Amino acid sequence: MFNVIENFYEPSDLGLMVMNFLNLPFDATYQSKDFQYGGDRNKGYPCYESKILDKGDGNNPYCPYNILKQTFEKKTQKKIINLKTFFRKTKRKELEKSPSWKQYRPHTDSTMNDIAGLIYYNSNSIKDGTYIFNTINDFEPTVIIGSKYNRCVFYNSQQPHAPSMEQEVEDRWIQPFFISYEK
């Protein structure tokens, strides 16, 4: 159903990831991209995202893409074929004004990926975590995974899930990722 890895990044790698999070530019956007919301991002799940992190030349050990790839492969013994990752932050003040506030809308991710997941960067709260559902039509989660600094949560990309819609921290920082791996 889901997997949790505590202390996902080694301290030196975690420091590099946080530095990247703090220094990369973010663009105002929203989820789900499947809907347009009449051009008003606050009618969806308003958020801010960095560009997609790429592997560069593939040899830079300080590249966020490479740090995630190497850490995930080491901790899960899964050989990654394809990886998409970026940084995302949400602002509580924007969420409170959105129709999404306190509304849990389970979704699944692309069938082109085997795994979807995220790493938490700045919160330790059940209200800033991830909700796992049995079906896409459920109104209440089956499992609630609280956020915790440097916690990695991942699941089958077709597992219905949702972010908490009662965010406790002013800014929620996460690193979503989508992975295909060798079977």
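Notes on the structure follow. (Residues numbered from 1 in each chain as written. Predicted model: local features only at pLDDT ≥ 70, side-chain atom pairs only at ≥ 80, totals over all residues. Heavy atoms only, no water.)

**Remarks on the pairing of strand E9 (residues 152-156)**
Then, number 1: Most of E9 sits out of view: 4 of its 5 residues are buried.
Then, number 2: Relative to E9, strand E1 (residues 2-5) runs antiparallel, the two being bridged by 4 bridges. Looking at the pairing, Val-4 lines up with Val-153 of E9.
Then, number 3: As judged from the 5 bridges shared by strand E6 (residues 115-120) and E9, these two strands associate in the antiparallel manner. Within E9, the position partnered with Gly-117 by the bridge is Phe-154. (Buried < 20%, exposed > 50% of the residue type's maximum accessible area, 1.4 Å probe, protein only. Helix = DSSP H or I, 4+ residues; strand = E, 2+ residues; numbered from the N terminus. Pairing = 2+ DSSP bridges.)

**Looking at helix H1 (residues 11-23)**
Then, number 1: An ideal rise of 1.5 Å per residue puts 18 Å on 13 residues; H1 measures up with 18 Å between its terminal C-alpha atoms.
Then, number 2: Those residues of H1 lying buried are Leu-14, Met-17, Val-18, Asn-20 and Phe-21. The arc enclosing the buried residues of H1, seen along the axis, measures out at 160°, which places them on a common side. For H1, the exposed residues lying more than 90 degrees away from the buried face are Ser-12 and Asn-23.
Then, number 3: Contacts from the buried residues of H1 go to helix H2 (64-76), strand E5 (88-91) and strand E11 (171-181). (Expected span 1.5 Å × (residues − 1). Arc of directions from axis to C-beta. Contact = heavy atoms within 4.5 Å.)

**Some remarks on the packing of aromatic side chains**
Then, number 1: Using the criterion set out here, one finds 8 aromatic pairs in the structure.
Then, number 2: Seen in terms of ring centroids, Phe-21 and Tyr-121 are 5.6 Å apart; in terms of plane orientation they differ by 45°. Their pairing is tilted. A residue pair is termed long-range when its members are at least 10 positions apart, and Phe-21 in helix H1 and Tyr-121 in the loop between E6 and strand E7 (130-132) qualify at 100 residues.
Then, number 3: For Tyr-121, a relative accessible area of 3% gives the class buried.
Then, number 4: Arranged with centres 5.0 Å apart and planes meeting at 65°, the rings of Phe-72 and Phe-154 form a pair that is edge-to-face. In this pair, Phe-72 is assigned in helix H2 and Phe-154 in strand E9, connecting sequence segments 82 residues apart.
Then, number 5: Take Phe-72: its relative accessible area is 0%, and that puts it in the buried class.
Then, number 6: Lys-91 extends its terminal NZ or CZ atom over the ring of Tyr-48, reaching a point 5.6 Å from the ring centre.
Then, number 7: Stacked on the ring of Tyr-181, the Lys or Arg Lys-183 has its end atom at 5.0 Å from the ring centre. (Phe/Tyr/Trp six-rings, centres within 6.5 Å; stacked < 30°, edge-to-face > 60°. Lys NZ or Arg CZ within 6 Å of the ring centre and 35° of its normal.)

**A look at unusual backbone geometry**
Then, number 1: Phi angles above zero are rare outside glycine, and Asn-7 is one such case at about 50°.
Then, number 2: In this fold, Asn-7 is placed in the loop between E1 and H1.
Then, number 3: By relative accessible area, which is 54% here, Asn-7 ends up exposed.
Then, number 4: A positive phi angle is found at Gln-77, which is not glycine, with a value near 60°.
Then, number 5: Note that Gln-77 resides in the loop between H2 and strand E4 (80-85).
Then, number 6: For Gln-77, a relative accessible area of 68% corresponds to the exposed category.

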